[in-house]
Amino acid sequence: MRKTGLRPTKWLVLLIILMFTASNWTLAADKAQYDVEDGPIQLELVGPPARDRVEFVEFKLVRVGEDTLPLDFTLSQLVDADGNPFPNHLLLVETPYDSQVQTVRWAFYQFRLLAGSDEYAEVKFGVKYDEEVWAGTYQGTLSSPHGPDIPVEITVEPYIEVTTDPEQIEMDIPGPGVWETETPMTINVQANVSWTITLSSKGLFYKTEEADIPSVWAEATPYPPLMLWLVEEEPQPLMDGVTISGSGSTELSFGLQTKAGWEHRAGSYVGEIRIDVRMED
């Protein structure tokens, strides 16, 4: 029976060819065809998001060598230390090859950063910062088969802003009894972290023509203040401070009530609620 197959000499030749080809592939992969100037690609977002807020960082992609291939890149998912992803639909890329700013609609979105006929291209990478993003440092890469990965980093700084409506509490007290504000008080918290707020008040003070601001009511009037309670499932005294914890942006709404005795003069009472804010780790 006649045996078929490659002789040892032919196996050796084939092996040499494969090794030579693999070596060429390795050399091609190791030889970068581009460089980045004006880097690194880092963007810092400070403060809360806002409508139509857009921020960019610019860099220059420069061709290296004589190869004139167009260079396409893929942007990986940007994630923080806990693996939380940065929203892709907020990421933007602006290149000379598109009249419109491109939105990165999904992870590993691909786009052309350098045309084959160009020696360099000025590129903008940015964020449409119009919605809440959790505080943290998000990292990823721009990748191309023709060179090393380009690091991309977005730092979202923590923020918390608290506003109240109304800013000042005013109640008309006709006489002794328990009285509650006609409209609830609203606290709007805008934040990208976990937080704790403490509400406190020295109470409501009788309003006179001589005293206009809460800080002097206690000294300017002989009438005792009315203590305030925050009304939830059970009234909680604001004199002692009421602590509320939460995460991210939210709106809180609650009623306020007070109790007047015979020692309190009928009339208009005004006061403030102090809000102390603490960011949580």
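What comes next concerns the included structure. (Residues numbered from 1 in each chain as written. Predicted model: local features only at pLDDT ≥ 70, side-chain atom pairs only at ≥ 80, totals over all residues. Heavy atoms only, no water.)

### Quick notes on the packing of aromatic side chains
Reasoning step 1: Under the definition given, this model contains 4 aromatic pairs.
Reasoning step 2: Considering the side-chain rings of Phe86 and Tyr138, the 5.3 Å spacing of their centres and the 80° angle between planes classify their relative orientation as edge-to-face. Of this pair, Phe86 sits in the loop between β4 (71–75) and β5 (91–94) while Tyr138 sits in strand β9 (residues 136–144), and the two are 52 residues apart along the sequence.
Reasoning step 3: Classification of Tyr138 by relative accessible area gives buried; the value is 2%.
Reasoning step 4: On the numbers, 5.4 Å between centres and 75° between planes, the contact of Tyr206 with Tyr269 is edge-to-face. On the criterion of sequence distance, the pair formed by Tyr206 in strand β16 (residues 205–206) and Tyr269 in strand β21 (residues 267–271) is long-range, its members being 63 residues apart. In terms of burial, Tyr206 and Tyr269 fall into one category: buried.
Reasoning step 5: It is Lys60 that lies over the ring of Tyr120; its NZ or CZ is 4.7 Å from the centre.
Reasoning step 6: Just above the ring of Phe56 sits the side chain of Lys124; from NZ or CZ to the centre is 5.9 Å. (Phe/Tyr/Trp six-rings, centres within 6.5 Å; stacked < 30°, edge-to-face > 60°. Helix = DSSP H or I, 4+ residues; strand = E, 2+ residues; numbered from the N terminus. Buried < 20%, exposed > 50% of the residue type's maximum accessible area, 1.4 Å probe, protein only. Lys NZ or Arg CZ within 6 Å of the ring centre and 35° of its normal.)

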